[in-house]
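Structural overview
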Amino acid sequence: MAALIGRDLLSLADLNSTELQELLQLATQLKSQQLKLRCDKVLGLLFSKASTRTRVSFTVAMYQLGGQVIDLNPNVTQVSRGEPIQDTARVLDRYLDILAIRTFAQEELETFADYAKIPVINALTDLEHPCQILADLMTIQESFGRLAGLTLTYVGDGNNVANSLMLGCALVGMNVRVAFPGGYEPDAGVVEQAKAIAQNQTEVILTNDPEIAVKGAQVLYTDVWASMGQEAEADNRLPIFQPYQISEQLLSLADPEAIVLHCLPAHRGEEITEEVIEGSQSRVWDQAENRLHAQKALLASILGAE
Ligand code: CP
Ligand code: NVA
């Protein structure tokens, strides 16, 4: 079992290549029920943004491990009344065994992790969404039986999902291409990190040309054009992002065996067409299911479940 006992997961780059692959293997064993693990621990969910998949999959994963979950909606805690993060972290630390946080600034998550002695998991920030990428890589591995050497093309906004995908692909030896409109590029620091991990052994390509980017790719991936917190910009972004829609025409340029992923929730008719998300190459429902198995593996590994 992957030895992540007591560790935080604030960025996907907190894992090395071996740890990530062991985690994916554990997730696969848990999914097939080849392995059953138990741990009698309490997980807190402190989410300042909406969530369906992450909230429910973490909750069910913890229940299936025999643990318990407390949903710490900021609106019903003192967090929304401005209690300092440093104080909240040191108090929750005394009650909980592990904490998953969904918030805006990565720095806020890092402050929490600095002040809480218990493990802290990034359940999405503006910078990264590492738990999503665990499920994505698991889904790709299920579809192709391997990861190394495959090419994933992300088309759309250079957001949290794009950032973590670049890190994840580099860690497992996949080529990654990101196609985005000018001004909407992924985080420069994360790009450098991904390139450092890839060490010129695999591609980390950034481009404004979606057609060149998808050519021959085995995995096409997209996400919303305006993330949580950017709702006010959504209408202005529509014409800018239109050429970056995953349509049947764009998909036809990829490898004929290509699969299509989307972290969900999706805006049909914007970043992806109805035909593609409901089409035979879409794996989005398996991908959503795998959030449960991947996060169960993560929790089990950090908490030392047996
Ligand atoms: N993909 C994802 O994180 O979904 P939720 O926002 O519903 O958790
Ligand atoms: N990029 C999206 C992902 C949602 C799961 C957001 O941050 O809103």
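Residues numbered from 1 in each chain as written. Chains lettered and ligands numbered in written order. Predicted model: local features only at pLDDT ≥ 70, side-chain atom pairs only at ≥ 80, totals over all residues. Heavy atoms only, no water.

Remarks on the nonpolar core
The biggest cluster of nonpolar side chains holds 67 residues, and the ones touching the most others in it are Ile 140, Leu 152 and Leu 299. It is helix α6 (residues 160-172) that contributes the most residues to this core, nine residues altogether. Not counting residues within four places of it along the chain, the set of residues in contact with Ile 140 comprises Gly 145, Arg 146, Leu 147, Leu 150, Leu 152, Met 174, Val 219, Ile 259 and Leu 261. Listed in part, the 19 residues of the second largest apolar core include Val 155, Leu 220, Ala 266 and Val 284. (Core = buried A, V, L, I, M, F, W, Y, C linked by side-chain atoms within 4.5 Å. Buried < 20%, exposed > 50% of the residue type's maximum accessible area, 1.4 Å probe, protein only. Helix = DSSP H or I, 4+ residues; strand = E, 2+ residues; numbered from the N terminus. Contact = heavy atoms within 4.5 Å.)

Here we look at the sheet that holds strand β3 (residues 98-102)
Strand order across the open sheet formed by four strands is β2-β1-β3-β4, with parallel pairing between neighbours. Either end of the sheet is taken by a strand with one partner, and the two such strands are β2 (68-71) and β4 (120-122). Across the sheet, the mean angle from the axis of one strand to that of its neighbour is 20°, orientation sign disregarded. With three bridges connecting them, β3 and β4 associate as parallel partners. Looking at the pairing, Ile 101 lines up with Asn 122 of β4. Helix α4 (residues 106-115) contacts β1 (42-47), β3 and β4 of the sheet and is inclined by roughly 165° relative to β4. (Pairing = 2+ DSSP bridges. Axes fitted to C-alpha atoms, helices over the stretch in contact; angles between N-to-C directions.)

Side note on the packing of aromatic side chains
Using the criterion set out here, one finds three aromatic pairs in the structure. Site record: aromatic cluster; members linked through ring pairs are Tyr 184, Trp 225 and Phe 241. Across from the ring centre of Phe 104, 4.5 Å away, lies the NZ or CZ of Lys 49, which sits over that ring. (Phe/Tyr/Trp six-rings, centres within 6.5 Å; stacked < 30°, edge-to-face > 60°. Lys NZ or Arg CZ within 6 Å of the ring centre and 35° of its normal.)

Quick notes on helix α7 (residues 188-198)
Given 3.6 residues per turn, any residue in an α-helix points the same way as the ones three and four places further on. Listed as buried for α7 are Val 190, Val 191, Ala 194 and Ala 198. Mapping the buried residues of α7 onto a view down its axis gives an arc of 105°, with all of them on the same face. Facing away from the buried side of α7 by more than 90 degrees, the exposed set consists of Ala 188, Glu 192 and Ala 196. Buried residues in α7 make contact with α6 and β7 (204-207). Looking at where α7 begins, the residue whose side-chain oxygen comes 3.0 Å from the main-chain nitrogen of Gly 189 is Asp 187. Phi for Gln 199, located one or two positions after α7, is positive at around 50°. (Arc of directions from axis to C-beta. Polar contact = N/O pair within 3.5 Å; in protein donor to acceptor, adjacent residues only side chain to side chain.)

Side note on the sheet that holds strand β5 (residues 151-155)
Judged by pairing direction, the sheet is parallel, and its five strands sit side by side in the order β7-β6-β5-β8-β9 without closing on themselves. Strands at the two margins of the open sheet, each flanked by one partner only, are β7 and β9 (259-262). Mean inter-strand twist for the sheet, computed between neighbouring axes without regard to direction, equals 20°. In this structure, β5 lies alongside strand β6 (residues 175-179), joined through five bridges in parallel fashion. Looking at β6, one finds that Val 155 is bridged to Ala 179.

Thoughts on the pattern of salt bridges
Enumeration according to the criterion identifies eleven salt bridges in this entry. Its salt-bridge partner being Glu 274, residue Arg 268 comes within 2.9 Å of it at the nearest N-O pair. Relative accessible area serves as the criterion here: at 37%, Arg 268 is assigned to the partly exposed category. Of the residues examined, Glu 274 reaches a relative accessible area of 40% and is grouped as partly exposed. (Salt bridge = Lys/Arg side-chain N within 4 Å of Asp/Glu carboxyl O.)

Observations concerning helix α5 (residues 130-144)
Between its first and last C-alpha atoms α5 spans 21 Å; for 15 residues at 1.5 Å apiece the expected length is 21 Å, and the two agree. If you check which residues of α5 are buried, you get Pro 130, Cys 131, Gln 132, Ile 133, Leu 134, Ala 135, Asp 136, Leu 137, Met 138, Thr 139 and Ile 140. At the C-terminal side of α5, Gly 145 shows a positive phi close to 75°. (Expected span 1.5 Å × (residues − 1).)

Quick look at the site of ligand 1
Taken together, the neighbourhood of ligand 1 is formed by Ser 51, Thr 52, Arg 53, Thr 54, Arg 102, His 129, Gln 132, Cys 263, Leu 264 and Arg 291. In the model, an oxygen atom of ligand 1 is placed 2.8 Å from a nitrogen or oxygen of the Arg 53 side chain. The backbone of Cys 263 places a nitrogen or oxygen atom 2.9 Å from a nitrogen atom of ligand 1. Within the complex, 95% of the 250 Å² of free accessible area of ligand 1 lies under protein. Looking at the shell around ligand 1 residue by residue, the classes come out as two nonpolar, five polar and three charged. (Near = heavy atom within 4 Å. Areas by Shrake-Rupley, 256 points an atom, 1.4 Å probe, with all protein chains shown as cover. Nonpolar A, V, L, I, M, F, W, Y, C, P; charged D, E, K, R; others polar.)

Observations concerning the packing of helix α1 (residues 17-31) against helix α12 (residues 284-303)
Contact pair α1 / α12: the axes reach a minimum separation of 8 Å and the direction vectors enclose 115°. Two packed elements cross with a definite hand, and for α1 against α12 that hand is right-handed. Contact residues: α1 offers Leu 23, Leu 26, Ala 27, Leu 30 and Lys 31, while α12 offers Glu 289, Asn 290, His 293, Ala 294, Lys 296, Ala 297, Leu 298 and Ser 301. Its residues placed into classes, the contact of α1 with α12 shows seven nonpolar, three polar and three charged. (Left-handed = near helix turned anticlockwise from the far one by under 90°.)

Observations concerning the site of ligand 2
Near ligand 2, the surroundings consist of Leu 124, Asn 159, Asn 160, Asp 223, Val 224, Ser 227, Met 228 and Leu 264. One of the side-chain nitrogen or oxygen atoms of Asn 159 is found 3.3 Å away from a nitrogen atom of ligand 2. Within the contact set of ligand 2, a nitrogen atom lies 2.8 Å away from a side-chain nitrogen or oxygen of Ser 227. Here ligand 2, which alone exposes 270 Å², has 93% of that area covered by the protein.

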